Amino acid sequence: MIRKRKEEKLNPVVAEIKVHSPKFGDLLGKRDPIEILKTYESCRVAGISYITERKHFKGDFELFKRICKLSHLPVLRKDFVTSKVEIERTAEAEADAVLLIARILKDKTAEFVDFALEHGLESVVEVHSEKEVEFAVETNTPIIGINNRDISKLEKDGGSVEVTKKLAKLIPRRFVRISESGIANLNDLKIALSYADAALVGTAFMKADRVEDVVRSFVEAKLC
Ligand SMILES: O=P(O)(O)OC[C@@H](O)[C@@H](O)c1c[nH]c2ccccc12
């Protein structure tokens, strides 16, 4: 008798290929970012995130385009987008989603979300405060990202999933909610996924000695 393989419930984890952090410095080392991508994919993460910002995160738009072309998973472009040209570039790169930061765009957030949707991109509107949640819920974005850190502090603040706990309940369930940043261990992940629909992790994966082991532990952990 062949036992039916029990449907494995995987945790919805978006894995970030984060090559540099203002707080920790170089995260990539001598590794090939495409190998990191393949490792993430082999661990059955839900999606891929990549920061294209150059100055503080050492992003590389050409690498971003390669990631979009090579990955079979949804790819999110993270940057401090302030112009619609950047949305067009994201769409031309054949990405699936673009981060739009409510702190930056404020009352232009809704217009930028619609522009992204018109260009075939999903948007992730990022919030870190109640005020920013107010901007986000007025838009047509399908996804709201709760940044557990204050992005203006460039990661110099710790970042706690308590921010997700505080803001998630202000976000109607018609939105997909992603808890982002400062998710360092399975306890953080458990809290994040108690309030949000998915979790986005970068540093904890990139700093791991054995990336595959840590990513797999996050994706396969029994959290309930
Ligand atoms: O490395 P962490 O703490 O797991 O965080 C990842 C991601 O959330 C973070 O890099 C991030 C969230 N929003 C951003 C906007 C721009 C640059 C980076 C980010």
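To be clear, the structure that these remarks concern was listed above.
Everything quoted here is computed from the prediction, not taken from an experiment.

Description of the environment of Phe115
Inference 1: Here Phe115 shows up in helix H5 (residues 109–118).
Inference 2: Linking Phe115 and Ile87, residues 28 residues apart in sequence, is a C-alpha distance of 7.7 Å.
Inference 3: Phe115 has contacts with Lys84, Ile87 and Glu88, leaving out every residue within four places of it along the chain.

Some words on the side chain of Ser71
Inference 1: Its location among the elements puts Ser71 in the loop between helix H2 (61–70) and strand S5 (75–78).
Inference 2: A polar contact is formed between the side chain of Ser71 and the side chain of Glu41, at a distance of 2.6 Å.
Inference 3: Here the side chain of Ser71 touches Leu73 through a polar contact of 3.0 Å, landing on its backbone nitrogen.
Inference 4: Setting aside chain neighbours within four positions, we find Ser71 in contact with Leu37, Glu41 and Ile48.

Some points on the sheet that holds S5
Inference 1: Taken in spatial order, the eight strands close into a barrel running S1-S4-S5-S6-S7-S8-S9-S10, and their pairing is parallel. Neighbour to neighbour, the strand axes of the sheet diverge by 25° on average, direction disregarded.
Inference 2: Examined bridge by bridge, strand S7 (residues 122–127) and strand S8 (residues 143–147) share four bridges and lie parallel to one another. Along S8, the bridge assignment pairs Val127 with Ile146.
Inference 3: Where helix H6 (residues 130–137) meets the sheet, it contacts S7 and S8, and its direction lies at approximately 160° from that of S7.

Some details on the pattern of salt bridges
Inference 1: Counting across every chain of the model gives 21 salt bridges.
Inference 2: Notably, a salt bridge pairs Lys131 with Glu134, separated by 3.4 Å at the nearest N-O pair. Residue Lys131 and its partner Glu134 are both found in helix H6; the two are separated by three residues, about one turn of the helix.
Inference 3: Judged by relative accessible area, which is 49%, Lys131 ranks as partly exposed.

Rules used throughout
- Within every chain, residues take consecutive numbers counted from 1 along the sequence as written.
- Totals for whole chains, interfaces and linings use every residue, but because this is a predicted model, local features are given only for residues with pLDDT of at least 70 and side-chain atom pairs only at 80 or more, for both listing and counting.
- Based on all heavy atoms of the structure, the side-chain values leave hydrogens and waters out of the count.
- Where helices and strands are cited, they refer to DSSP runs of H or I of at least four residues and of E of at least two residues respectively, numbered from the N terminus.
- Residues are treated as being in contact if the distance between any of their heavy atoms lies within 4.5 Å.
- Throughout this description, a polar contact denotes any pair of N or O atoms lying within 3.5 Å of each other; where both atoms belong to protein, one of them has to be capable of donating a hydrogen while the other can accept it, and for residues adjacent in sequence the pair is counted only when both atoms sit in side chains.
- Between any two strands, at least two bridges found by DSSP are needed for them to pair.
- To define axes, lines are fitted to C-alpha atoms, for helices over the stretch in contact only, and angles between the resulting N-to-C directions are given on a 0 to 180 degree scale.
- Any carboxyl oxygen of Asp or Glu within 4 Å of a side-chain nitrogen of Lys or Arg constitutes a salt bridge here.
- Partly exposed residues are those whose accessible area sits between 20% and 50% of the maximum for their type, while under 20% is buried and over 50% is exposed, using a 1.4 Å probe and protein chains only.

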